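Observations on the three-dimensional arrangement
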Amino acid sequence: MASHKRIIQGTVIKKAGDKTATVLVERRVMHPRYHKTVKRFKKYLIHDERNETKVGDTVTAVECRPLSKTKSFRLKEIVSSGVGS
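In short, a report on the structure.

Cut-offs used in this document
- Along every chain, residues carry numbers that run from 1 in the direction the sequence is written.
- The predicted origin of the model limits local features to residues at a pLDDT of at least 70 and limits the giving and counting of side-chain atom pairs to 80 or more, whereas totals for whole chains, interfaces and linings rest on all residues.
- Processing note: side-chain calculations cover all non-hydrogen atoms of the structure and skip hydrogens and water entirely.
- Each aromatic pair joins two rings of Phe, Tyr and Trp (for Trp, the six-membered one) with centres within 6.5 Å, and gets the label stacked for planes under 30 degrees apart, edge-to-face for over 60, and tilted for any other angle.
- Under the scheme used here, helices are H or I runs from DSSP no shorter than 4 residues and strands are E runs no shorter than 2 residues, and both carry numbers assigned from the N terminus.
- Two strands qualify as a pair provided that DSSP identifies no fewer than 2 bridges between them.
- Fitted lines through C-alpha atoms give the axes, limited to the stretch in contact for helices. The angle between two N-to-C directions lies from 0 to 180 degrees.
- We define a nonpolar core as any set of buried Ala, Val, Leu, Ile, Met, Phe, Trp, Tyr and Cys residues linked to one another through side-chain atoms lying within 4.5 Å.
- Between buried and exposed lies partly exposed: a residue is buried under 20% and exposed over 50% of the maximum accessible area for its type, with that area taken using a 1.4 Å probe on protein chains only.
- Any pair of residues with heavy atoms lying within 4.5 Å of one another is described as a contacting pair.
- One speaks of a salt bridge when a side-chain nitrogen belonging to Lys or Arg is within 4 Å of a carboxyl oxygen belonging to Asp or Glu.

Enumeration according to the criterion identifies one aromatic pair in this entry. Ring centres of Tyr44 and Phe73 lie 5.2 Å apart, and the angle between their planes is 70°; this geometry places the pair in the edge-to-face category. Residue Tyr44 is located in strand E3 (residues 37-47), and its partner Phe73 is located in strand E5 (residues 71-80); the two are separated by 29 residues in the primary sequence.

Right, here's the structure in full:
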């Protein structure tokens with residue numbers, strides 16, 4: 001019974017409370033009329049159990065059951081360390 005879980009990759013832009021980080025995910029899509037690649041952004045709250053992320057880090061997160069009203073992703077790994085605080 002293998003279920004597909006979404007994996008997102010983005011940059012930590014904010015440490016939001018205890019064990020929570022805000023991640024900005026950028027995706028590039030083709031504009032329907034002008035056929036130019038444009039950037040689309042979305043922010044996700046991810047669960048960081050050990051408080052190991054810092055602002056500026058690039059992380060991957062995996063979808064899980066809802067942990068709160070807005071948080072349903074868990075930290076999978078820190079891809080690269082940022083220069084933030």
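Now that the structure has been shown, the text picks up again.
Attention now moves to the pairing of strand E4 (residues 58-63). Both strand E1 (residues 7-15) and E4 contribute to a ladder of five bridges, which runs antiparallel. Counterpart to Ile7 in the pairing with E4 is Val62. Looking at chain direction, E4 and E5 are connected through six bridges and run antiparallel. Across the sheet, residue Ala61 finds its bridge partner in E5, namely Leu75.

This paragraph deals with the sheet that holds E1. One closed barrel holds the five strands; their spatial order is E1-E2-E3-E5-E4, and the pairing between them is mixed. Neighbour to neighbour, the strand axes of the sheet diverge by 50° on average, direction disregarded.

Listed in full, the 11 residues of the largest apolar core are Ile8, Val12, Ala21, Val23, Val25, Tyr44, Ile46, Val59, Ala61, Phe73 and Leu75. Listed by contribution, the elements that provide at least two residues to this core are E1, strand E2 (20-30), E3, E4 and E5. Take this core: its biggest share by element is three residues, from E2. The residues contacting Ala61, other than those within four sequence positions of it, are Arg6, Ile7, Ile8, Ile46, Phe73, Arg74, Leu75 and Lys76.

Oppositely charged side chains can pair when the atoms bearing their charge come close. Counted according to the given criterion, the structure contains five salt bridges. A salt bridge links Asp48 to Lys15, with the nearest nitrogen and oxygen atoms 3.3 Å apart. Within this pair, whereas Asp48 is found in the loop between E3 and E4, its partner Lys15 is found in strand E1, the two being separated by 33 residues in sequence. The shortest N-O distance in the salt bridge between Glu49 and Lys19 comes to 3.2 Å. Taken together, the residues span a long stretch of sequence, with Glu49 in the loop between E3 and E4 and Lys19 in the loop between E1 and E2 at a distance of 30 residues. Since its relative accessible area comes to 28%, Lys19 is described here as partly exposed.

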